[in-house]
Amino acid sequence: MRSSEEMMKLIMDKAVNDERIRALTMEGSRANQNATHDKYSDFDICYVVTDISEFTSDKKWIEYFGEILIVQCPCDWYSHPYNYKGYENFTYLIQFKDGTRIDLTLIDIRNIKHGFNYQEPRIVLLNKDQLKELVPINHEEAFYIHPPSKMEYGNTCNEFRWLSLYISKGLCRKEIYYAKYVYDVLMMEMFLKMLNWKIGVDHHWDVTTGQHSKYLKRFLSSEEMVRFQGIFPNGTYKEIWDKLYEIYDYFADNAKYVGEALGYPFDEKETNEVRDFIEKRQEDDRIYRGFKDLDRKDRNI
């Protein structure tokens, strides 16, 4: 794998020597002192160019940066094809065979006012024309956890409990992927919102847990981290049933904590009644399947 110094020299030399490139900035983890920095860190690079079509019409030019394993162009996707006659931003996600990766965004100078309207950490590495839109940003306030409104808090609690019913129904029907999908994707989104709000309360709303909550371990105690890691089920029905109760109670604990801190009401009655309903549904399913097994045995006699 090439070193960071080697990669940055390639990136910088291209910008300096190509007159069509008027500015170079770096965003992402390498521009954020609080992010994780290691050999897996991407190079989130932006070139401001005079005519973006010259960098999108022929994609072979990106081979300058190294031997490519795979490229993705998220701006040109089947659901939203890119207009190559226009000058909207364009991004190359490039994974090289040696393990390095560049996420390269191109911004046409005619679109610069809209191209830099995000507020994530940024380092300005080159600004040939002293473009005033290129402002260094050395904080990560754009990513801070924000307190929910009373309505969002209540809706999140309600949605979490509602989704738990879907999971129990899927388990009773033996619809394994349906139950896992609702658990792992839909309900987990609600759970992580509440867990992040708890972290926000504890740290006065001036922290971030990163994209997809990847920095949770920075803010959870060792005991909390063990509890968090214990809510993920494997692929068995019994395991999902067991973890459903664990995540349900964990969410309730966090929701009470956040509600008390923000002065929002926590619906204890609904929480308990939904949990009791799930337990009864599981027990009814056990009894039903038990009778089915007995009936099957009788027919085989």
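Preceding this paragraph is the structure being described.
Procedures and definitions
Here the residue index of a chain counts from 1 through its sequence in written order. It should be noted that, the model being predicted, local features are given only for residues of pLDDT at least 70 and side-chain atom pairs only at 80 or more, the latter also being counted only at that level, while totals for whole chains, interfaces and linings use all residues. Only hydrogens and water are removed before side-chain values are computed, so all heavy atoms of the structure are retained for them. Working definition: helices are DSSP H or I runs of at least four residues, strands are E runs of at least two. Numbering for both runs from the N terminus. By convention, a stacked pair of Phe, Tyr or Trp rings (six-membered ring in the case of Trp) has centres within 6.5 Å and planes under 30 degrees apart, an edge-to-face pair has planes over 60 apart, and any other such pair is tilted. A simple rule labels every residue: compare its accessible area, found with a 1.4 Å probe on the protein chains alone, to the largest value its type can have, and call it buried under 20%, exposed over 50%, or partly exposed in between. Only when the NZ atom of a Lys or the CZ atom of an Arg is both within 6 Å of the ring centre and within 35 degrees of the ring normal do we say a charge sits over the ring. For two strands to be treated as a pair, DSSP must find at least two bridges joining them. Definitions used throughout: a 1 Å grid over protein atoms alone; a cavity as a set of points that fits a 1.4 Å probe which cannot get out; a pocket as an open set with protein on both sides within 12 Å along at least five of seven lines; a lining residue as one with an atom within 4 Å of a point. Grid points are joined across faces, edges and corners, and a volume is the space filled by probe spheres set on the points. Classes in brief: Ala, Val, Leu, Ile, Met, Phe, Trp, Tyr, Cys and Pro nonpolar; Asp, Glu, Lys and Arg charged; the others, Gly included, polar.

### A short note on unusual backbone geometry
Thought 1: Backbone geometry places His204, a non-glycine residue, at a positive phi of 60°.
Thought 2: Checked against the element boundaries, His204 lands in the loop between helix H5 (176-202) and helix H6 (222-229).

### Overview of the packing of aromatic side chains
Thought 1: The final tally for this structure, using the stated rule, is 18 aromatic pairs.
Thought 2: Seen in terms of ring centroids, Phe55 and Trp61 are 5.1 Å apart; in terms of plane orientation they differ by 80°. Their pairing is edge-to-face.
Thought 3: On the basis of relative accessible area, Phe55 is assigned to the buried category, the value being 0%.
Thought 4: Relative to Tyr250, the ring of Phe191 has its centre 5.0 Å away and its plane inclined at 65°; by these criteria the two rings are edge-to-face. With Phe191 in helix H5 and Tyr250 in helix H7 (residues 237-262), this residue pair connects regions lying 59 residues apart in the sequence.
Thought 5: Looking at Phe191, the relative accessible area reads 0%, which means it is buried.
Thought 6: Among the aromatic residues, those joined into a cluster by ring pairs are Phe55, Trp61, Tyr64, Phe65, Tyr82, Tyr84, Phe90 and Tyr92.
Thought 7: Looking at Arg30, its charged tip hangs above the ring of Phe43, at a distance of 3.7 Å from the centre.
Thought 8: Across from the ring centre of Tyr257, 4.8 Å away, lies the NZ or CZ of Lys198, which sits over that ring.

### Section: the pairing of strand E1 (residues 21-27)
Thought 1: In terms of residue burial, E1 counts as a mostly covered element, since 7 of its 7 residues are buried.
Thought 2: Two strands pair when backbone bridges link them, and E1 and strand E2 (residues 43-49) are joined in this way by 6 bridges, in the antiparallel orientation. Across the sheet, Glu27 pairs through a bridge with Asp44, a residue of E2.
Thought 3: Bridging between E1 and strand E6 (residues 123-127) involves 4 bridges; their strand directions are antiparallel. The partner of Met26 across the bridge, within E6, is Ile123.

### Remarks on the layout of surface pockets
Thought 1: Put simply, the largest pocket is a space of about 600 Å³.
Thought 2: If you go around the largest pocket, you meet 24 residues; those closest to its centre are Gly28, Ser29, Gln211, Lys214 and Tyr215.
Thought 3: Broken down by class, the residue content of the lining of the largest pocket amounts to 5 nonpolar, 8 polar and 11 charged.
Thought 4: Within this model, the second largest pocket holds a volume of roughly 330 Å³.
Thought 5: In terms of lining, the second largest pocket is formed by 15 residues, of which the most central are Ile145, Leu192, Lys193, Asn196 and Ser213.
Thought 6: For the lining of the second largest pocket, the element with the most residues is H5, which contributes 5 residues.
Thought 7: Broken down by class, the residue content of the lining of the second largest pocket amounts to 6 nonpolar, 6 polar and 3 charged.

In short, shape yes, function no, at least from these values alone.
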